Each structure stands twice: as C-alpha cells, then as structure tokens.
Amino acid sequence: MVELVWLIPALPLAGFLLLVFFGKRIGEPRAGWIGTGAVALSFVTACVVFAGLWNEPEHTFEASLFKWIPAGNFNVDIGILLDPLSMAMVLFITGIASLIHLYSIGYMHGDSRFPRFFTYLNLFVFSMLVLVLGDNLVLTFLGWEGVGACSYFLIAFWFEKEENASAGKKAFITNRVGDWGFMVAIFMTFFAFGTVTYTEFLPMAPGLAQTTATFIALMLFVGAIGKSAQIPLFIWLPDAMAGPTPVSALIHAATMVTAGVYLLVRVNPIIAASASWIPWMIAIVGIATAFLAATIALAQQDIKKVLAYSTVSQLGYMFLAVGVGGYSAAIFHMITHAFFKALLFLGAGSVIHGMHEEQDMRRMGALRRIMPVTAVTFIIGWLAIAGVPPFSGFWSKDDILAYALHKSPILYVIGLITALLTAFYMSRLVFRVFYGDSRWGESAEGELANLNAHTATDAADAGAEDHADAHEDSHADTHAGHGAVHPHESKWPMLVPLIVLAFFAATAGVLNLPFTENLEFLNRWLEPVVGENQVHLHLGGAQLTFELLLSTTIALLGIFAAYMVYLKKKIDPSRIELPFFANGWYIDQGITAFMGGIGRKGFELIAMFDKVVIDGAVNGVGRATRGGASRLRAIENGYVRWYALMIGVGAVLIVAFVMTQVSF
Amino acid sequence: MIASVLSSVLASEGAPSFPILPALVFVPLVGAILIALMPSSRPELSRQMAVLTALLTGILSIALLVKFKTDDAGFQFVVQQTWVESLDIKFFLGVDGISLFLVVLTGILFPIALFAAKPEHSPKGYYAWLTLLMAGCMGAFLSLDLFLFFLMFEITLVPLYMLIGKWGHGRRVYAATKFFLYTMLGSAFMLVSIVTLAVLAGAGDKGGVSFDFTKIIATDNLATSTGRWLFLGMAIAFAVKVPSFPFHTWLPDAHTEAPTAGSIDLAGILLKLGTYGFLRYGLELFPEATVWFAPVMLTLATIGVVYGGIVAAMQRNLKRLVAYSSVAHMGFALMGLFALNVEGIEGSVLQMINHGITTGALFILLGFLYSRRHTYEISQLKGIAKVAPVFAGVFTLVMLASIGVPGLNGFVGEFLVLLGTFVANRWWAVIAATGVIIAALYLLWAYQRVFQGEPDEANKNFPDLKISEKLVMAPLVVLIIFLGIYPKPVLDRIAPSVKRVVTRLEVQVDGFKEPITRKGADLLKIESSHLNTGEHALGVATNGKGANQ
C-alpha cells in the first residue's frame, strides 16, 4: 500500500493540469469540485499509505522516480522519502487542504476567476507535498519555491488593486532573501558530503567538522526565517493577508509558513553537530519573534492582521521548540496550530463574508447570535490558541514551554508572558467580533481618522444579499459606510470545514499528552527521525502539575484581563493598543524606508554609473577616434549603405587575400 | 568552391553517408543567396524561401541531435577539406557535446524568430540577412579551424548590423554602429591572437603554420607568457560578445533598437558565441592561461551577475531591462566556465541553452506587445493581465524561468554554475547567488507595473494572444518545462565533452586539480580524534553514495 505514495502529490498535480488547460471551460462550480476532489483523494491515499507505513521497517519508505540533475559528482533524483516526519506533514497538509478547498467553493462563489483560484490552490498543494516528501535538499527547494510562487500568485489574486500586487511581490522578494541562504546551504552540504540526499548525508552529520555544520545550519536558518516569517524577514506575512481568506488559512497559517520549521526539524543532525550558539540563536529569534508579534497583534484593528501577527507569533514558538531541542514539540505545535489557526482564519473569512467584506473589528460586534456556527467554532479555536485546557493548543504550547524551561528559565518566562499576551489579544478579537454591541455599518470616523488602513470611500452595494460581485473589484476594504449591513451566516460548504476543524482544534491534544510515555504518540512516532537529537524530558509529577497549572492560570488571566478591558470597559483600550504596537514597532516602515530610500538611491547611482562612466567611456573613445581622424569623418555620416559598402570592400579584400593562397 | 567542398565531403573517407554538418551551414547560405536573387516585387516568395530554409536547417539540427552518440567525448560527424594548403587552413567542421545543443538551439530559434515577427518594410533584404545570419551562427559553432571560425564569427556581424540598422527602431543607426565597431574592435584582438597562435604553435607539417584546432591542442609549444597574452586577445573579443562587464553597454542599445527577430537571435544565439568561444578557444586552447586568469574572469562574471541585475532594475524600457538581465544571466554562464570543474562547465553550457530559450521567449513576447502597443516603455503599460490573461500567463511562466524558479529550465543551469563555483571558490558563489534575489526584484517589479493594476484607457483593449502566436510560443514553453524537470538527456550529452576539457586542463597545467567536493573528507578527521567512533564514520564516508562518483 505504501507504494501508492506517488499518488499523494500526483493527484493535486493532475487536478492542476486539468484546470490549467480546461479550467475556464469547466467553470464554476465544477472546477472547484475537481480541485477539492483531487486533494481529498490525495488525503484518502495518504491515510492508506499511513496504514501501510506501519509495516515498513523504521516506518520509512524510499522510492526514486528518475534522475533529475546528474552533473559530474552531483546527482539528485526525483525521489520520495516517506518517514514518520513527512508522513505526519502529509496527513495534516492534505487533510486541512481538502477542507479549505471545500470552503473555497463557497467563499469564492461568483468570482470571475473562480477556476483559476483552484488551479493555483492545487499547484500549491502539489508543491507543498513535494517540499515535505522530497528525499533531498534540492527537491525540497523545488517545493519550497513552488509554494512561494503559488503564494505570490494567490496573494496578488485580485491584482487589479495595486496594494495586492505589491503585497505579492513583497512576499516573493522577501522569501528570495531566505532562498539565497537555502541555496548556499545546499552548496555547502554538497561540498561537505558530496551528496544532498537526506538519507545519505544526515547519518554522516555527527562526524562533520563543527564550522562546516555551523555554516550549513546558519544558512538553512536564513532560508527558514524567510519562509516562516521570523525576525527580521516576517514583514511580508501581514501584507500577505491581501490574498483571499482561504489562502491566508491554507498557505499563510497552516502549511507553507511552517516549511521553515519542517526544514530545521528535518536537518536536526546538522543542528546537533553545529556550534552551540546555533540552537541558542534559533531559540532566541523564535521567542523574540513570538513576543514581538504578540505585542503587535494587541493593537491591530483588522481581524486578519490580528491573525497574521498571531501566526508569526506561534511560528516563533515553533522555532523556540527547535532551538531548545524539542523537535517533536515543534511538530506537535505545528499540527495543532494548523488546526486552530486554519479554523480561526476560515471563521474570520466567514465573518468577513457575512459582513459583506468588512474586516475592521471596530465595525463588528455581537455576531454570535447571527452567525451561531461560525461563533461556536471560532470560540473553540480561540480557547485552543489561548491555551485553555483541554483544547489542543494548551498541550502543544505547554510541551514547548517545558523544553524551554529545561534550556533556560528566561526563555520560559518570556514564553509565558507571550502566552498571556496571546490569550489577551485573541480574547480581544473574540469579544469585539462576537460579543458586545453591534457596530455594523458604523462609520467610526473618529476612531478611523488616525489610521490610514481603510480609505475606501466607495460605498458598496451594502444591501445586496448576493454579495458575490463585491469580491471582484472591491473585496477587501469595501465597507458599507452608511447604514444597513445585514450580517448573515455562511452556507454549508463553508460551515462543514469549520465544524471539522473545530473538532480537531479541540481534541488534537491527544496526539501527545504528557502524562505517560504511552500517551506521547507523536513523540514515539517521530522517534526514528528526531530521537537522537531530541532533548528527553522526564518530568516528575509535581513539576508537570505545576507547569500545567501555571499555564492554565496564565491563559485564564489573559482572558480575564481582556474581559475587563473590552467587555466591562474598566480600562481604556488605548492604554494597551499603543501606536508603537499598531505600527509593528516601525520595523516594516523602517525597512521600507531604507529600501525605498538609500537602497533605491544606491541602485540609481549604479545605473547612473553605467550610463555615464562605462557607456560614457565607450562613446568617448568613439568620439575621440572620430575627431582625430577627420579625414575618415565622411564614413561616419550615418548612412547604412556606406557601412555596408565598406564591409563589402573589407570582405572582398579578405577573400582576395585568401584566394592568393588558395590551392584547391 | 561550394560544389567542390560538397563533392569532396561526399567522397572523403569515414564521412557519414550524408554530410550533415556542411548541410547545416550551406542550406541557409544557399538559401540566403537565393533570396537575394529573388525579385523584390515578390516579397512573399522571399519569406517562403526563408521559412523553408530555416525549417530545413532546423530539421537537420534535430536529425543531428538524434544521431549524436551520447557517450562520445570527441568530435563527431567530422568533415574536413583543405582550403589553403600552405597555411593549413581547412574547411573543417565537427560537433561535440558542447556545440551540439548550441547548433540545435540555432536550428530551433531561427524558424521561431521568423514566425514571431515580420519586417515592417523591405522584406527581401530582411529575410536574406536573417538567413545568412543563421549560416554564420551554424558555421561558428561547428568550425574546428581557427580561421574558419574567425570568418564565421565575423560573418555574423554583418547581417545583424544590417538588421538593426535598417529594420530597427528609433536610434537604430547609432545602435548598429556601436554594436558593429565594438565587436569589430574585439575581433581585431582575436585575429591577432589567432594568427600568432597558428604560427607559434607550429602544428603544421614540420612545425609549420596551422589553423587546425585539433592539431593545435595536440601541441605544447607555447611559452607561458605568450599563452597568457594570446588568451587575453581572445578574451577581449569574447568578453565583448558575451557581453561581460564592463564591455556590455552596446547590448542594451542594440537590443532596444533591434527588430524583434534581431533581438531574439542576438540574445538567444549570438551572445553564446562569446561564452562558447571562451570554452572552445579559451579553456581548450590555453589551459595554463585559463587557470591563471580564472580569478579575474570569475570576478568579472560575479560583477556582471549582480551589477547587470541592479542596472536592469532601474530601466524604464522593457527591452533594455531584458538586455541588462542578459548581462546578468550571461554572467552566470561565464562564471560556470571558470569554476573549472565539471559541474560548473556543464551548468554553463546548460545556462547558455536555457538563456537562449527564456530570453528568446521574452523577446518574442515583447515583440507581440510592441505589435499591439508600439512601445516598450513600462510607464505606458498597465493592467494587461486583466485583459490578456493568456499573454500574462505565458509571460509569467517565462519570467519565473528567467528568475530561476526550480522546476523550470533556468534553475538547473544557474544552480549547477553556482554549485560548481562554490566548490571551486565559495565566496564568489555566495555573492553571485544574491543574483537570484535581484532577478526576482527587477522582473516582478516590471511585471507589476506592466501587467497588474487596473488597465487604463490605452491598455484596456489589449488583445490576447492569437492562435498563431500561441503556436510560436508553444515549443519554447514546452522546452522551458521539459528542461526544468528532465534536463538529463541534455546533461548526458554535454558531460563527456566537458570531462574531456577538464581532464585536459588537469594534464596540461602543472599543479591544477579539478576543484571537487570533499566527499566526506571532513569525516575522516574523526578517525584520528575519536578512535572509537572513527571506524564507523570512515565506513559511512566510503560506503556512502557521496564517496562514489
């Protein structure tokens, strides 16, 4: 059964090919069903293969299709490495992708480029599967770039708006900075080992010279922070919310952005062989990103921006886990996060949809009565991310914090503070969207005046029940400026995924419960891949109880604080929502100002240098020669036929010379 | 003359039953002459003749590819006929893995260029020159005689000069003259080098003069310093042709003013004469000088990659932008050659082919764009993706190939070049790899301004690709994807000849070893430091695939 593994990426690829050639003819909604069907079948295949993998030795299966790039000593195959790590990734990727495809059929209804959307989505799933299933670094890089390209297409899906196009471009270029690191890491790996195939070089890693291992790990880390949006390369992810919401859920929350974490977990023997500052650096960047993004999320008004910064923050936790040697905890959190964050994004999409493309939380409120399914499922997602037991996020976050405490109490404390902030800002979001008073259609001019985020002035067709056409041209920021907004619950293709995801967001903790080793299924499953370099915690009952109680207290404290601020209104929110946070610590502006200012000037200077100095020298020599040889000026009169004649004469002379020497 | 050569070829010993290499040169040459003899009043005749000639030559080049023996490192289908006996100048053609795909590329791109664009006036001359250009390119890639090579190399100048000067845009005469004089100047240095080498190498009878490439590389009569000077002479000509920084400024002018077909052939094929020249007449003729100059060449190539990209980003004209991107991409091709290992040189040859395909495709698309909007100015274009989705889709694919996204052709060559260079001199590769960031920067930037946004008044009636235009693009699109996913057939044919070149470098140059990976050499250190684990690591290192070829 395990041989069917080829079908897992092949099915979405087939879906993509079908849609790319016939998508327009197939049309809506059938293109959506084809796309969804391809990915769902891929998920079913993954389940079958999973069953088969149990019987394989060490739960590992390798297969090679053909040689891809053979050159000299270099050789990479199009080959698959199916092991516990990639299997876990494949299962949650295809599972969540199927649900999000289904959701998209509802969400993208009426869009003029409906088939195109599913074409990209299928290509994305294919690329993501290549990324995790590839048996060597270059094939992983192929998937890595493939998902990047799809991300670019989908962020800029509504490219008629300049800001969407800019966001897509920014994502791609920022990622390319990371790709540079990834490529250099591949070169160094090849240089050191003579191979880039995981099963060949990873076993050799313990014998690697420390400087070499450090260099490889550092460069892979550069790649990882690009894709997984860590400091300082996180700036693209919030902008990426310009894409349709299912894209944000699938690519920019659940799957693609975790690729960096996957990569670092995959090469854990290299990290183990590198200098000790490498894990420290990963942990510090991770926790710093987690904290920074959480503070920014406190002050965002756009529901998707809150979730975007929340994603950055949660990815920071995963990096922290990798840095402190809790590889299985990183994967555990990656999986639970995929469930609850996809759920939250899809829930947000449902809200945005129901509110006629409204994204500003200041114009929401009290939606739980009108959108009961969305509200209940969203609340489950909220409790999961806030870390309330027994929801999934509680267990996975706590797992990471336990490893962090083992490494350093400081990491642990910052981790807890970030958990407090997380509970707070997510509660803020839920209270403002689903509770309190309805503020639909309020212009909120006073509040908006300072923020330039929403400048849309065109009043959309607010009353239209069929809001589909709103997607096309003015989907994102359009809001009904004056008067009647009638929020409504979404239809079943959007609600089913919410319910399924909510189930898993609530229960996925059972994958890895910390009480006995028997319950740590994921830990044991990943043992063959990460076991040697994983820190093995043996928490006593007392310590475990203390940690779990402390985490619970922190989560409840965060929720309570948000309750006091946003529902009881005991504290003025503006004391928390500082402009410094709202503007993301001015990091993005800083980088943009630098690139647009000094960077651009530098480029212009070089272009000027090319024109004036280099080309100037060439033309100068030309003029000087012409000026000196005044008698030859006649030939410089610009008539083509003169030149032709001269060339002809020259040619005749050459031929004449040859003829004198000829002996046929 | 032609007849005598042809007849002798047919008769000569060991020649294949059909003289395919001479045919590749003479079919377009005869075609060009026939077109020139046609009446100007019947322009459709000259077009038909040109198409027929180009297609026939293209089919011949494909036939060559089919009949080429993959594992043979030497020259195949060799044909030689004495031309000037006293100087040992011959009509000497042969093909190996290095020139094979450049010949095939020529055979494919020329017909496509013919279909992609029509001249705005005087079709007869246009087709005659274009067909002659094809003959020159074929001759230059196939020559194994230095004099013949020089002749062919020069012959290519004239048609292109005419094409730019007569059928080009705006400042066409300035651009054509600059192109011609610049390249001609470079060629002067090459001519001196070639003649000197032919005399000093003494490869002819009794140490006499010979222009025979195979005889010259079999000798070893050059003093070290002489070799370096002669290499320098050749290098100037080729550096102008590539073009390498800082000799590149003729290219943007030539491209901007050239008609579409001129741009396609210039970028797609003629630039490769430079890198091909470096490989055949630099690395092979002057091994010692090659190794000696390698750091300089790597530096120029690295500068070209980064600098070309930066300047491209600042262009306001699409053709200039693509021209500068060629400077960057050809920088990669140059860089791989001077990595002096199999990975780098194979990557370089592949990069030449891939650049021909992707940049050729880009210029075709720009030609389509020009035929609709009569401008290349980025500021005049906006929102085209909305009204012409197929055009935008194809452009996106070609753009991603040009950026070097894996799965498409551009990646494989660039990756191998950087890999080889990293193994040889890692910091150059680390710097040049930033070229991948810059490439994304300028292309996506241009794409956004041209294709995205809401189309304005001038662009909202931009027609999408016609069937005929899709057919022109189809073969290139197929190649872009095929070579990205399965470059093995190409690499397998390039490899033996590249290995031959590298092996010769090792034999000829004292103390030179091909820069290769450590193959786990790092790991052997453990043996001494940790005796108990050493055996294990050693076992892994030698049994692992990495330790083998």
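All of these numbers come straight from a predicted model, not from anything done at the bench. (Residues numbered from 1 in each chain as written. Chains lettered and ligands numbered in written order. Predicted model: local features only at pLDDT ≥ 70, side-chain atom pairs only at ≥ 80, totals over all residues.)

**Brief notes about the overall build of chain B**
For step 1, the next point in the chain: Summing up its helical and strand segments, chain B has 24 helices and 2 strands in all.
For step 2, the next point in the chain: By the compact-globule yardstick of 24 Å for 549 residues, chain B fits well, its C-alpha radius of gyration being 24 Å.
For step 3, the next point in the chain: Projecting the C-alpha coordinates of chain B onto the three principal axes gives extents of approximately 75 × 60 × 40 Å.
For step 4, the next point in the chain: Taking the intrachain contacts of chain B between residues at least 6 apart in sequence as the baseline, contacts between residues at least 24 apart amount to 78%. (Helix = DSSP H or I, 4+ residues; strand = E, 2+ residues; numbered from the N terminus. Rg over C-alpha atoms; globule rule 2.2 N^0.38 Å. Contact = placed C-beta atoms within 7 Å.)

**Re the overall build of chain A**
For step 1, the next point in the chain: Helix and strand counts for chain A stand at 26 helices and 2 strands.
For step 2, the next point in the chain: Counting the 664 residues in chain A, one finds 57% classified as buried.
For step 3, the next point in the chain: Look at the contacts in chain A between residues 6 or more apart in sequence, and 79% of them connect residues 24 or more apart. (Buried ≥ 20, exposed ≤ 12 C-beta atoms within 10 Å, placed from the backbone.)

**Thoughts on the nonpolar core**
For step 1, the next point in the chain: Ranked by internal contacts, the top residues of the largest apolar core, which has 450 residues, are F187, L220, L320, A342 and A505 of chain A.
For step 2, the next point in the chain: Element by element, the count of residues in this core is highest for helix α15 (residues 327-354) of chain A, at 18 residues.
For step 3, the next point in the chain: Every residue in contact with F187 of chain A, bar those within four places of it in the chain, is listed here: L418, L419, F422 and A429 of chain B. (Core = buried A, V, L, I, M, F, W, Y, C linked by C-beta atoms within 7 Å.)

**Remarks on the interface of chain B and chain A**
For step 1, the next point in the chain: Across the contact, 72 residues belong to chain B and 61 residues belong to chain A.
For step 2, the next point in the chain: At 7 residues, the largest contribution of residues to the side of chain B that touches chain A is made by helix α20 (residues 435-451) of chain B.
For step 3, the next point in the chain: Here the residues of the side of chain B that touches chain A are counted per class, giving 43 nonpolar, 17 polar and 12 charged. (Nonpolar A, V, L, I, M, F, W, Y, C, P; charged D, E, K, R; others polar.)

**Quick word on unusual backbone geometry**
Residue and element names in this part refer to chain A.
For step 1, the next point in the chain: Of the consecutive residues E28 and P29, the connecting peptide bond is found in the cis state with omega at -5°.
For step 2, the next point in the chain: At K569, a position not held by glycine, the phi torsion is positive, near 55°.
For step 3, the next point in the chain: By secondary structure assignment, the location of K569 is in the loop between α23 (541-567) and α24 (579-582).

**Let's talk about the packing of helix α1 (residues 7-26) of chain A against helix α4 (residues 114-133) of chain A**
All names here are of chain A.
For step 1, the next point in the chain: Running from N to C, α1 and α4 cross one another at 160°; their axes reach a closest spacing of 8 Å. Relative to α4, the element α1 lies roughly antiparallel. Considering how the two elements wind past one another, α1 and α4 form a crossing that is left-handed. For the pair α1 and α4, contact is made by I8, P9, P12, L13, G15, F16, L19, V20, G23, K24 and I26 and by P115, R116, F118, T119, N122, L123, V125, F126, L129, V130 and L133, respectively.
For step 2, the next point in the chain: Here the residues of the contact of α1 with α4 are counted per class, giving 16 nonpolar, 4 polar and 2 charged. (Axes fitted to C-alpha atoms, helices over the stretch in contact; angles between N-to-C directions. Parallel < 35°, antiparallel > 145°, perpendicular 65-115°, else oblique. Left-handed = near helix turned anticlockwise from the far one by under 90°.)

**Considerations on the confidence of the model for chain A**
Residue and element names in this part refer to chain A.
For step 1, the next point in the chain: Averaged over every residue, the pLDDT of chain A is 86; the share at 70 or more is 88%.
For step 2, the next point in the chain: For chain A, per-element mean pLDDT is lowest for helix α20 (residues 468-474), which scores 40, and highest for helix α11 (residues 259-266), which scores 96.
For step 3, the next point in the chain: pLDDT under 50 marks residues 444-482. Its contacts with residues more than four places away, or in other chains, come to 57 contacts.
For step 4, the next point in the chain: Low confidence marks residues 630-636, where pLDDT is under 50. Its contacts with residues over four positions away, or in another chain, come to 4 contacts. (pLDDT = per-residue confidence, 0-100.)

**Some points on the environment of Y435 of chain A**
Residues and elements named next belong to chain A.
For step 1, the next point in the chain: By the element assignment, Y435 lies in the loop between α18 (409-434) and α19 (445-448).
For step 2, the next point in the chain: Each C-alpha atom of the pair Y435 and L567 lies 7.9 Å from the other, and the pair is 132 residues apart in sequence.
For step 3, the next point in the chain: In this structure, Y435 is in contact with A366, R368 and L567, ignoring residues within four places of it in sequence.

**With respect to the packing of α15 of chain A against helix α16 (residues 372-386) of chain A**
In a pair of packed helices, the angle between the axes and the distance between the axes together describe the arrangement.
Residue and element names in this part refer to chain A.
For step 1, the next point in the chain: Direction vectors running N to C along α15 and α16 enclose 145°, while the axes themselves pass 9 Å from each other. As α15 packs across α16, the resulting crossing turns out to be left-handed. Taking contact as the criterion, the partners of T336, F340, L343, L344, G347, S350 and V351 in α15 are, on α16, T374, T377, F378, G381, A384 and I385.
For step 2, the next point in the chain: Residues of the contact of α15 with α16, tallied by class, amount to 7 nonpolar, 6 polar and no charged.

**Points about the pairing of strand β1 (residues 76-84) of chain B**
For step 1, the next point in the chain: Pairing analysis gives 6 bridges linking β1 of chain B to strand β2 (residues 89-95) of chain B, with the strands arranged antiparallel. Within β2 of chain B, the position partnered with T82 of chain B by the bridge is K90 of chain B. (Pairing = 2+ DSSP bridges.)

**What about helix α2 (residues 20-37) of chain B?**
For step 1, the next point in the chain: Under the 1.5 Å per step criterion, the end-to-end length of α2 of chain B is 25 Å for 18 residues, consistent within 8% with the ideal 26 Å.
For step 2, the next point in the chain: Where α2 of chain B bends most, at F26 of chain B, the angle is about 25°, and the proline P28 of chain B comes one to four residues later. (Expected span 1.5 Å × (residues − 1). Bend = angle between axes of the 7 residues up to and from the residue.)

**Regarding the pairing of strand β1 (residues 61-71) of chain A**
Residues and elements named next belong to chain A.
For step 1, the next point in the chain: Across 9 bridges, β1 lies against strand β2 (residues 74-82) in antiparallel orientation. Residue P70 lies in a different strand from β2, and its bridge partner there is N75.
For step 2, the next point in the chain: The turn linking β1 back onto β2 is made up of 2 residues, and G72 within it adopts a positive phi angle of 60°.

**Some points on helix α3 (residues 43-67) of chain B**
Since the α-helix advances by 3.6 residues per turn, residues separated by three or four positions end up pointing in the same direction.
For step 1, the next point in the chain: The end-to-end C-alpha separation of α3 of chain B is 36 Å, in line with the 36 Å expected for 25 residues at 1.5 Å each.
For step 2, the next point in the chain: Buried residues of α3 of chain B: S46, M49, A50, T53, A54, T57, G58, L60, S61 and L64 of chain B, and no others.

**As for the confidence of the model for chain B**
Residue and element names in this part refer to chain B.
For step 1, the next point in the chain: When pLDDT is averaged along chain B, the result is 87, and 91% of the positions lie at 70 or above.
For step 2, the next point in the chain: Note that pLDDT drops below 50 for residues 1-15; the model gives that stretch 15 contacts with residues more than four away or on any other chain.
For step 3, the next point in the chain: Below pLDDT 50 for its whole length, residues 524-549 participates in 37 contacts with residues either more than four positions away or in separate chains.
For step 4, the next point in the chain: Overall fold confidence for the complex sits at a pTM of 0.89, while the interface term, ipTM, reaches 0.89.

**Things to note about the environment of G27 of chain A**
For step 1, the next point in the chain: Along the chain, the position of G27 of chain A falls in the loop between α1 and α2 (30-53).
For step 2, the next point in the chain: On a C-alpha basis, the gap between G27 of chain A and F114 of chain A in space is 7.4 Å, while along the polypeptide they are 87 residues apart.

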